[in-house]
Amino acid sequence: MAGQKHTRVLIIGSGPAGYTAGVYASRAMLNPVLVQGIEPGGQLTTTTEVENWPGDTEVQGPDLMVRMEGHAREMGCEIIGDIINDLDLSKRPFTATADSGTVFTADAVILATGARAKWLGLDSEEAYKGFGVSACATCDGFFYRGQEIVVIGGGNTAVEEALFLTNFASKVTLIHRRDELRAEKILIDRLMKNPKIEPLWHHVLEEVVGENDPKGVTAVKVKHVDTGEISEIPCKGVFVAIGHAPASELVKDQLELHHGGYVKVKPGSTETSVPGVFAAGDLTDHKYRQAVTSAGMGCMAALDAERFLAEAGLAEGDTTLPLGHGAPENEGV
Ligand code: FAD
Ligand code: NAP
């Protein structure tokens, strides 16, 4: 769908933050347009059970996101399957160019591009990505029936992935660089009770070992962080779960960012360093990074955008507001 499309509020991203912003901006009669990006539904589509979404004792992540999308649509949000490749926040209206060639112009923008899995950066990790190395257990776990697997990391994601992978694997080794997990207590408890999981403390991944015909992983070399001793663990799958980095590439030279790339917002609000541009969810939150907090920030962003447009007296398509007007003090989260 090439061409040009104007909207009062452009929402970029379709995780809990984006869809919640879509619900609220629609109910404020702002006729928002939401561009979903490469991962419609966001990070929760890569997991199974979600047990901390209020109102659902247990819900499948992908199901929850389908419901959120339906809710936003039902309220009147226009949802477009496209990716924003370029965003110009230097002049009004703001301009966003999508993969399809469509150019969106917008009076206000809500950034909800979330976060993406981090990688260790090893050459051997890169060489076997898709051939035994993965960052998504729900996507790839099925391929490892009856096999031995390692998971790298000590947070909620690593522990959940290790637990999930026991549905397929004969053994899961959780490799962590410390001897203390940062995951929630309830998850640690489940991990420790699972007979298929063996934690390996004080170790880091040194190299993924594999073969090329057929291409696949055969083992990992791990290093003891104190002694430097290298040992080898046979395995067919390596799941890297060492956290996520904010997806702020679109705005890295245009907005103030925190160390680590998180978009800075005025405390207690979603206002960024450019008036009319709001940020919500994991993109701006290095601390909580939960579905419910992202949804909460999506709500805040829509309310902030509504107030901004009303205070600026910005009628649809009006391009007269000076960019410097009302710039927030960015003190950070
Ligand atoms: P995301 O969910 O990261 O979504 C970002 C969206 O932005 C995506 O739709 C993507 O397509 C889009 N996007 C990115 N770039 C562009 C672009 N250029 N153009 C257009 N769109 C773009 N939290 C919980 O509360 N409970 C859990 O049980 C839980 N389990 C988790 C399990 C796993 C495996 C992971 C990885 C995370 C889990 N989390 C959980 C954390 C939770 O998923 C995140 O906090 C939440 O999804 C963040 O929401 P978000 O809307 O900020 O962004
Ligand atoms: P995280 O909490 O940042 O944990 C990352 C883990 O990887 C840490 O244990 C860290 O070790 C380790 N690590 C980081 N870099 C490493 C490196 N280079 N080499 C070896 N190990 C490394 O990330 P996450 O587990 O992906 O969680 C992200 C957010 O999503 C969190 O806020 C989490 O609560 C949320 N989430 C929630 C749920 C849930 O609610 N059920 C599920 C999944 C994720 P150290 O501990 O030593 O720093």
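Residues numbered from 1 in each chain as written. Chains lettered and ligands numbered in written order. Predicted model: local features only at pLDDT ≥ 70, side-chain atom pairs only at ≥ 80, totals over all residues. Heavy atoms only, no water.

Draft legend 1. Structural detail: the site of ligand 2. The environment of ligand 2 is formed by 20 residues, the closest being Asn52, Thr157, Glu160, Arg178 and Arg182. A distance of 3.3 Å separates an oxygen atom of ligand 2 from a polar backbone atom of Gly155. The side chain of His244 places a nitrogen or oxygen atom 3.4 Å from an oxygen atom of ligand 2. If ligand 2 stood free it would expose 920 Å²; the protein chains cover 80% of that surface. In terms of residue count, the dominant contributor to the shell around ligand 2 is helix H5 (residues 156-165) (three residues). Residues lining the shell around ligand 2 come from more than one domain, with at least three contributed by each of domain 1 (4-116 + 244-311) and domain 2 (119-240). (Near = heavy atom within 4 Å. Polar contact = N/O pair within 3.5 Å; in protein donor to acceptor, adjacent residues only side chain to side chain. Areas by Shrake-Rupley, 256 points an atom, 1.4 Å probe, with all protein chains shown as cover. Helix = DSSP H or I, 4+ residues; strand = E, 2+ residues; numbered from the N terminus. Domains from an automatic or database assignment.)

Draft legend 2. Spatial organisation of the domain arrangement of the chain. You can read the domains of the chain as domain 1 (4-116 + 244-311) and domain 2 (119-240). The gap between the C-alpha centroids of domain 1 and domain 2 is 32 Å. Summed over both sides, the interface between domain 1 and domain 2 buries roughly 470 Å², with carbon and sulfur atoms accounting for 40% of that surface. Contact with domain 2 buries area across many residues of domain 1, yet Thr46, Thr48 and Glu51 alone supply 62% of it, more than any other trio. Summed over the shared surface of domain 1 and domain 2, the result is one salt bridge. Note that Arg190 is salt-bridged to Glu51, the shortest N-O span being 3.1 Å. (Buried area = accessible area lost by both parts, 1.4 Å probe. Salt bridge = Lys/Arg side-chain N within 4 Å of Asp/Glu carboxyl O.)

Draft legend 3. Local environment of the site of ligand 1. What surrounds ligand 1 is a group of 34 residues, the closest being Ser14, Gln36, Glu39, Gln43 and Asn52. At a separation of 3.4 Å, an oxygen atom of ligand 1 approaches a polar backbone atom of Thr113. Contact with the protein chains covers 93% of the free accessible surface of ligand 1, which is 1000 Å². Counting only elements with at least two residues in the shell around ligand 1, the list comes to helix H1 (16-27), strand E9 (115-117) and helix H7 (291-311).

Draft legend 4. Region of interest: the state of the cysteines. Enumeration according to the criterion identifies one disulfide in this entry. Disulfide pairing places Cys136 opposite Cys139 at an S-S distance of 1.9 Å. Here Cys136 and Cys139 share a disulfide; its torsion about the S-S bond, 70°, makes the bridge right-handed. For Cys136, a relative accessible area of 10% gives the class buried. Using a relative accessible area of 44% as the deciding quantity, one classes Cys139 as partly exposed. Cys235 takes part in no disulfide bond, and the closest cysteine sulfur, belonging to Cys136, lies 18 Å away. (Disulfide = S-S within 2.5 Å. Buried < 20%, exposed > 50% of the residue type's maximum accessible area, 1.4 Å probe, protein only.)

Draft legend 5. Layout of the sheet that holds strand E10 (residues 133-134). With parallel pairing, the five strands of this open sheet are ordered in space as E10-E17-E11-E12-E13. At either margin of the open sheet sits one strand with a lone partner, and together these are E10 and strand E13 (197-200). Its contacts with the sheet put H5 on strand E11 (148-152), strand E12 (171-175), E13 and strand E17 (237-240), and the angle it makes with E11 is roughly 170°. (Pairing = 2+ DSSP bridges. Contact = heavy atoms within 4.5 Å. Axes fitted to C-alpha atoms, helices over the stretch in contact; angles between N-to-C directions.)

Draft legend 6. A look at the packing of aromatic side chains. On inspection of all chains with the given rule, the structure shows four aromatic pairs. Note on Tyr144 and Phe239: the rings are 5.6 Å apart at their centroids and 85° apart in plane angle, and the pair reads as edge-to-face. Placement of the pair is Tyr144 in the loop between helix H4 (137-140) and E11 and Phe239 in strand E17, with a sequence separation of 95 residues. Taken individually, Tyr144 and Phe239 each receive the classification buried, so the pair is uniform in this respect. Sitting over the face of the ring of Tyr128, Lys215 holds its NZ or CZ atom 5.6 Å from the ring centroid. (Phe/Tyr/Trp six-rings, centres within 6.5 Å; stacked < 30°, edge-to-face > 60°. Lys NZ or Arg CZ within 6 Å of the ring centre and 35° of its normal.)

Draft legend 7. A negative patch on the surface, seen in detail. On the surface, a cluster of negative charge is contributed by Glu49, Glu58, Glu160 and Glu184. Here Glu160 shows up in helix H5. (Patch = residues over 30% accessible without salt bridge, like charges linked within 9 Å, V, L, I, M, F, W, Y side chains within 5 Å. Lys, Arg positive; Asp, Glu negative; His and termini not counted. Charge placed at Lys NZ, Arg CZ, Asp CG, Glu CD.)

Draft legend 8. The arrangement of the nonpolar core in detail. Counting residues in hydrophobic clusters, the biggest one holds 33 residues, and the most contacted among them are Val9, Tyr19, Trp53, Ile110 and Phe278. Mapped onto this core, the elements with two or more residues apiece are strand E1 (3-12), H1, helix H2 (61-75), strand E8 (102-111) and H7. For this core, the element with the highest residue contribution is H7, accounting for eight residues. Setting aside chain neighbours within four positions, we find Val9 in contact with Leu30, Pro32, Val33, Ala108, Ile110 and Leu309. Within the second largest apolar cluster, 23 residues are counted, among which are Leu87, Val109, Val251 and Ala279. (Core = buried A, V, L, I, M, F, W, Y, C linked by side-chain atoms within 4.5 Å.)

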